[in-house]
Amino acid sequence: MNNKLKTTSKFLSLILRHQPEKIGLELDSNGWAEINELIEKSTKVKLTQELIEEVVVKDNKQRFIIKDGKIRANQGHSINIDLELEAVEPPDILYHGTATRFLESIMKEGLTKQSRQHVHLSKDIETATMVGKRHGKVVILEVDAKKMFEEGYVFYLSENGVWLTDRVGVEFLREKL
Ligand code: HQG
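Overview of the structure.

Rules of the game
Residues numbered from 1 in each chain as written. Predicted model: local features only at pLDDT ≥ 70, side-chain atom pairs only at ≥ 80, totals over all residues. Heavy atoms only, no water. Phe/Tyr/Trp six-rings, centres within 6.5 Å; stacked < 30°, edge-to-face > 60°. Helix = DSSP H or I, 4+ residues; strand = E, 2+ residues; numbered from the N terminus. Buried < 20%, exposed > 50% of the residue type's maximum accessible area, 1.4 Å probe, protein only. Near = heavy atom within 4 Å. Polar contact = N/O pair within 3.5 Å; in protein donor to acceptor, adjacent residues only side chain to side chain. Areas by Shrake-Rupley, 256 points an atom, 1.4 Å probe, with all protein chains shown as cover. Nonpolar A, V, L, I, M, F, W, Y, C, P; charged D, E, K, R; others polar. Domains from an automatic or database assignment.

With that out of the way, let us pick up the packing of aromatic side chains. Aromatic rings considered in pairs are described by the distance between their centres and by the relative angle of their planes. A complete count under the given rule lists one aromatic pair for this structure. Note on Tyr153 and Phe172: the rings are 5.4 Å apart at their centroids and 70 degrees apart in plane angle, and the pair reads as edge-to-face. Of this pair, Tyr153 sits in the loop between α6 (145-150) and β7 (156-157) while Phe172 is found in the loop between β8 (163-165) and β9 (173-175), placing the two residues 19 residues apart along the sequence. Take Phe172: its relative accessible area is 2%, and that puts it in the buried class.

In structure tokens:
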């Protein structure tokens, strides 16, 4: 992705996950925005159909999806929308990358969703490492997803491969050394 695509992807994340009202846009209850309306209302950041499509295709994490003239973010929302995800059985182990400074609190309270709608988990250590790096010195936590699933915890898999759940209790967490 070149810089223009990156900037546009960040802007779309802001509008479609967190603050549609920033440009006076309304998302429907499932998080979709009309692309025409998005283009029209985004006056400061200039968007075109072509640019949006290029971001959707080239985004390194496949953060967005287009359908029937509408666009939405695949995951990562802080606003309350229903992604209509179906519960699925997770792999036995999932990973969560975070920063060492959060560890003490996490090992007391478990993983909680903070400002987002879900706790985000990764299927491999590489991805978890990238996620954790955003916050500081990385630490990788192993999540006993098999045990959680057996105990009735619900997991979802976003369109772009991120595992989502409501919370992860400390009893299912282990620091990966
Ligand atoms: C931490 C990116 C203290 C948690 C990524 C994390 C992901 C706690 C931070 C997506 C805690 C929240 C989400 C507790 C959790 N005490 N800290 N009890 N429980 N935390 O950004 O998972 O690039 O909201 O460990 O790829 O880092 O935006 O979540 O460090 O998929 O598309 O609180 O964002 O995707 O941070 O990342 P975030 P995340 P995009």
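Once the structure has been displayed, the description carries forward.
So, on to the site of the ligand. In the vicinity of the ligand lie 19 residues, with Arg17, Lys61, His96, Ser105 and His135 positioned nearest. At a separation of 2.7 Å, an oxygen atom of the ligand approaches a polar side-chain atom of Thr98. Contact distances for the ligand include 3.0 Å between an oxygen atom and a side-chain N or O atom of Arg134. Here the ligand loses 89% of its free accessible area of 790 Å² to cover by the protein chains. At the level of elements, β4 (93-99) and α4 (103-109) are the ones that each hand at least two residues to the shell around the ligand. Sort the elements by how many residues they give to the shell around the ligand and α4 lands first, with three residues. The residue inventory of the shell around the ligand, partitioned by class, reads four nonpolar, nine polar and six charged. When residues of the shell around the ligand are sorted by domain, at least three fall in each of domain 1 (3-73) and domain 2 (93-176).

Purely geometric stuff here, so don't read any function into it on its own.
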